[in-house]
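Secondary and tertiary structure notes
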Amino acid sequence: MSSSSTPSGGAALPTTPVMGPGGNPVLAYIHGPVGLRLPDVAATAPEHFTAAAEAVVADQQEAVAAIVAQAEEPSLTNTTIRIDQAKEPAFRLQALMRLFESNLQTGDFGTALAAASQLLVRSRLTMLLDGQLFARLEAVPTSELNPEDKRHHELMVQDFVRAGVRLSDAEQARVAELTADLDRLEKAFSRHLAADTSALAVRFDDAEELAGLPESAIAAAAERAGQGGAGQGGYVLPLLNFTQQPQLAQLHSSASRQRVFEHSISRGCRGGDHDTQQIVSEITALRAELAQLLGFRSFAAFTIDDETADSADAVGDLLADVLTPAREALEAELAAVYEQYEPEQIAAHDVSYWLQRLQNEQYGLDPQQVAAYFELGRVLTDGVFYAAGQLYGVEFRPAVDASGTPVRGWHPDVTVYEARENDRVIGLVCVDPFAREGKRGGAWMDQLVSPGRLNGERPIISMTMNIAKPAAGQPCLLSMDEVRTLFHEFGHVFHGLFADSTYPDRAGTAVPRDYVEFPSQLNEMWALHPQVLPHYARHVETGDPIPEALVARIREADDFGTGFDTIEYLAAALLDQSWHLLESGERVDDVLTFETAVLEAAGFSPLVPPRYRSTYFAHVFGGGYAAGYYAYLQAEMLAAFATEWFDEQGGLNPEAGDAFRRAVLAPGYSTDPMATFTDFFGQAPDVGPLLRRRGFAPRHDSTN
């Protein structure tokens, strides 16, 4: 254990690591209290994770045996909460493992983390399938419990049931085997995808091939190529995790675009050691079998039963409600391209380029000119942090230790901020913005330490992006999409930061997948909001504010291309649902043929491939979104509704922000999310605001 900073104002944050049993820094970190202390990454070796997992599993088994052996009648305190306490070390260890898996992955760590994960998965299942423990849990009287305790207890009972505790011994053994196999396969998918994505980085020999990219991007590509060792030259463009690489909208050369596109869509499906097709086949077959054992027709039915959506049919209806207007918008976008430029043909690798070109010319937008007003540091501090301060009354400062030295994160690129309210530190936010080797693609937030009254901890949150790091001495300029992504991910950050729950595993973002994206998509509204944008959008060289005429053109162009964006999203969501509507006994070995058949049957054109093809669909096969990728659209329906509500309240209204924070963000999963939403806003959401948000229906008059 270590000393921690006091909740009051001026105390510096501790940074000195304290070793746990046997000098294991992983065990030191997970045996609390953490007290706003970051893990000692430099002292952590792969074997520390396997040793920690073994120790955690042994302690958990001992704790469960003690709970079962009690002579006292079951109660919330001696059963439910003691199960929580037995689970807590594994819960903390898994959060630390996620940090290494996603932000610090190497071959040695990958092997150790996979082994540790297997131990934890099996231990969790052993506990959830313990009939004696479950009998005691079910016997806990609930009539006298307060609403939060009662809900937590009922959700814990549900966790046991969904794990299969009511199945026969033989069925339980198969569930345990399937769950362990799936964990192993999902970890393997992530490792192979990361390796193939790195291997498929696109190398160009001549700068002329990169015409259209910003000078800073070309310089970064040259620097990246030089990192390949002696004799390496040229330019290297890394791949991000989705199909449409950002360079496809910028490169003037169709041949260059084709190379980038072909590298992108080849991930995981070109044979060799890192091909993921067989893994996809095995994962989907095993998930179907698992769902059947647990009493569901498909894994989609199993997943959605635990979400806010009513059913797989309801998910299908939502996708269908958006598909027709999105398809009409895409047809209009492509027709405008043909009318303006009369190209002989447009290939899949050309679509985003032509749409970007039309947008730039129609609205007079030059991406480099726009990016000059969005320097990363200013967007973060004067944009994201400013809006949060105005709306929620929270302040962010770089965290320092007792000597006044900035607190170090897990990599030199990481900046650690302390979030303060009423001169009190309420949590830490660790910002890890740049792409690098050993880091998975995309952008995400995670809770390294989840807060709760039960453990007395305050949140430690990571916010990760994969922005191309500029060459030394150059500013980091963001595209408009990257600006939105930064605001989006901080919506997740605020959800975790403002958590106010008794139980850490119900706190903050520990809500259903189709609800967790709601606060993040809502926070995107402030990126272009007239009360926020002028505060941070200033020219990187002159400091001049962004011209109102340019802002007007950005707003006018905001809806352009939403047909394309929506179609590629819907194609991926449909793929996800189709894979997980397979029933037990069904197995698809020809992954790409299945994918093509699904998309053709639904009328999707190969001109707009899905945002993620099956072989690199990390959300679904390695990231916890199995049968849940639709969640972004479901959550956006809520976000669109709430956006219109905030506009009606006058935008950055502190009273509205405080009410929303405390009633909607703070409870996490300690209340029913949809009931909380409906109670606060006075009605259930409908699809209308979503269609307006995407430009598929006329917008209401608003300040946004």
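Residues numbered from 1 in each chain as written. Predicted model: local features only at pLDDT ≥ 70, side-chain atom pairs only at ≥ 80, totals over all residues. Heavy atoms only, no water.

1. A look at the overall build of the protein chain
When you go through the protein chain residue by residue, the secondary structure sums to 26 helices and 7 strands. For the protein chain, the C-alpha radius of gyration of 25 Å lies close to 27 Å, the compact-globule estimate for 704 residues. For the protein chain, the spread of C-alpha atoms along the principal axes amounts to about 80 × 60 × 60 Å. A total of 704 residues make up the protein chain; the buried ones form 56% of that total. (Helix = DSSP H or I, 4+ residues; strand = E, 2+ residues; numbered from the N terminus. Rg over C-alpha atoms; globule rule 2.2 N^0.38 Å. Buried < 20%, exposed > 50% of the residue type's maximum accessible area, 1.4 Å probe, protein only.)

2. Details of the UniProt feature "domain: Peptidase M3A/M3B catalytic" (unreviewed entry) in the protein chain
Feature annotation in UniProt assigns "domain: Peptidase M3A/M3B catalytic" (unreviewed entry) to the following positions: residues 249-695. Strand forms 8% of residues 249-695 and helix 50%; the C-alpha atoms that close the span are 21 Å apart. (UniProt positions renumbered as here; feature names shortened; annotations may be inferred.)

3. What to know about unusual backbone geometry
With a phi angle near 55 degrees, Asn422 is a residue other than glycine that sits in the positive phi range. Tracing the backbone shows Asn422 in the loop between strand E4 (415-421) and strand E5 (424-434). Note on Asn422: relative accessible area 73%, which makes it exposed. One non-glycine residue with positive phi stands out, namely Asp423, at about 60 degrees. Take Asp423: it is sitting in the loop between E4 and E5.

4. A closer look at the UniProt feature "coiled-coil region" (unreviewed entry) in the protein chain
What UniProt calls "coiled-coil region" (unreviewed entry) maps, in this numbering, to residues 168-195. Annotated as 96% helix and 0% strand, the span residues 168-195 places its first and last C-alpha atoms 41 Å apart.

5. Some details on helix H16 (residues 480-497)
With 18 residues, H16 extends 25 Å from end C-alpha to end C-alpha; this agrees with the ideal 26 Å at 1.5 Å per step. Most of H16 sits out of view: 15 of its 18 residues are buried. (Expected span 1.5 Å × (residues − 1).)

6. Describing the nonpolar core
Ranked by internal contacts, the top residues of the largest apolar core, which has 177 residues, are Phe374, Leu486, Phe490, Phe518 and Tyr536. Non-local contacts of Phe374, meaning those with residues more than four positions away in its chain, are made with Val379, Cys476, Leu477, Leu478, Met480, Val483, Leu533, Tyr536, Ala537 and Ile546. Core analysis: the next-biggest nonpolar cluster, separate from the first, contains 35 residues, Ala53, Val407, Trp410 and Val449 among them. (Core = buried A, V, L, I, M, F, W, Y, C linked by side-chain atoms within 4.5 Å. Contact = heavy atoms within 4.5 Å.)

7. Description of the pattern of salt bridges
Side-chain pairing between opposite charges can occur once the charged atoms of the two side chains come close. If you walk through the whole model with that rule in mind, you get 38 salt bridges. With a closest N to O distance of 3.0 Å, Glu186 and Arg287 form a salt bridge. A residue pair is termed long-range when its members are at least 10 positions apart, and Glu186 in helix H7 (residues 169-199) and Arg287 in helix H10 (residues 277-293) qualify at 101 residues. Judged by relative accessible area, Glu186 falls into the partly exposed class, the value being 23%. (Salt bridge = Lys/Arg side-chain N within 4 Å of Asp/Glu carboxyl O.)

8. Focus on the packing of aromatic side chains
Scanning the model with the defined rule gives 42 aromatic pairs in all. With centroids separated by 5.5 Å and ring planes inclined at 75 degrees, the aromatic side chains of Tyr353 and Trp354 adopt a geometry described as edge-to-face. Looking at Trp354, the relative accessible area reads 14%, which means it is buried. Members of the aromatic cluster, connected to one another through ring pairs, are Tyr515, Phe518, Trp526, Phe641, Trp645, Phe646, Phe660, Phe677, Phe680 and Phe681. Positioned above the aromatic ring of Tyr353 is the side chain of Arg257, whose terminal nitrogen or guanidinium carbon lies 3.9 Å from the ring centre. Its end group placed over the ring of Tyr616, Arg267 keeps NZ or CZ at 4.1 Å from the ring centre. (Phe/Tyr/Trp six-rings, centres within 6.5 Å; stacked < 30°, edge-to-face > 60°. Lys NZ or Arg CZ within 6 Å of the ring centre and 35° of its normal.)

9. So, the packing of helix H15 (residues 376-392) against H16
The description of two helices packed together rests on the angle between their axes and the distance between the axes. One can describe the packing of H15 onto H16 by two numbers: an axis separation of 11 Å at closest approach and a directional angle of 40 degrees. By the angle class used here, H15 and H16 are oblique. Both H15 and H16 take part in a crossing whose hand is right-handed. Contacts between H15 and H16 involve Leu376, Val379, Leu380, Gly383, Val384, Phe385, Ala388 and Tyr392 from the former and Val483, Leu486, Phe487, Phe490 and Phe494 from the latter. Looking at side-chain class alone, the contact of H15 with H16 contains 12 nonpolar, 1 polar and no charged residues. (Axes fitted to C-alpha atoms, helices over the stretch in contact; angles between N-to-C directions. Parallel < 35°, antiparallel > 145°, perpendicular 65-115°, else oblique. Left-handed = near helix turned anticlockwise from the far one by under 90°. Nonpolar A, V, L, I, M, F, W, Y, C, P; charged D, E, K, R; others polar.)

10. Focus on helix H5 (residues 131-138)
The set of residues buried in H5 consists of Leu133, Phe134, Arg136 and Leu137. Viewed along the axis of H5, the buried residues span an arc of 160 degrees, placing them on a single side of the element. Looking at the buried side of H5, the elements it contacts are helix H2 (46-68), helix H3 (76-103), helix H4 (107-128) and helix H6 (147-163). Near the N-terminus of H5, the side chain that reaches the backbone nitrogen of Gln132, with its oxygen 3.1 Å away, is that of Asp130. (Arc of directions from axis to C-beta. Polar contact = N/O pair within 3.5 Å; in protein donor to acceptor, adjacent residues only side chain to side chain.)

11. Comments concerning the packing of helix H23 (residues 631-648) against helix H25 (residues 673-681)
Interaxial distance between H23 and H25 falls to 12 Å at its minimum, and their mutual angle equals 20 degrees. One element, H23, and the other, H25, form an angle in the roughly parallel class. Here the hand of the crossing between H23 and H25 comes out left-handed. Where H23 abuts H25, its residues Leu638, Phe641, Ala642 and Trp645 lie against Met674, Phe677, Phe680 and Phe681. Grouping the amino acids of the contact of H23 with H25 by side-chain chemistry returns 8 nonpolar, no polar and no charged.

12. Concerning the sheet that holds strand E6 (residues 444-449)
Taken together, the 5 strands give an open sheet; going across it, the order is E3-E4-E5-E7-E6, and neighbouring strands pair in mixed fashion. Of all strands in the sheet, those bounded by a partner on one side alone are strand E3 (395-398) and E6. Adjacent strand axes in the sheet meet at a mean angle of 30 degrees when their direction is disregarded. Pairing of E3 with E4 involves 4 bridges; the strand directions are antiparallel. In the sheet register, Arg397 faces E4, and the bridge partner there is Glu418. Those strands touched by H16 are E3, E4, E5, E6 and strand E7 (460-467), and its axis lies near 165 degrees from that of E7. (Pairing = 2+ DSSP bridges.)

13. Quick look at the side chain of Thr303
Structurally, the position occupied by Thr303 is in helix H11 (residues 299-304). On the accessibility criterion, Thr303 (10% relative accessible area) is buried. Thr303 has contacts with Arg162, Ala626 and Ala627, leaving out every residue within four places of it along the chain.

14. As for the environment of Ala640
With respect to the helices, strands and loops of the structure, Ala640 is situated in helix H23. By relative accessible area, which is 2% here, Ala640 ends up buried. In this structure the C-alpha to C-alpha distance between Ala640 and Gly688, which are 48 residues apart in sequence, comes to 8.7 Å. Apart from residues lying up to four places away in sequence, Ala640 is in contact with Pro689, Leu690 and Arg693.

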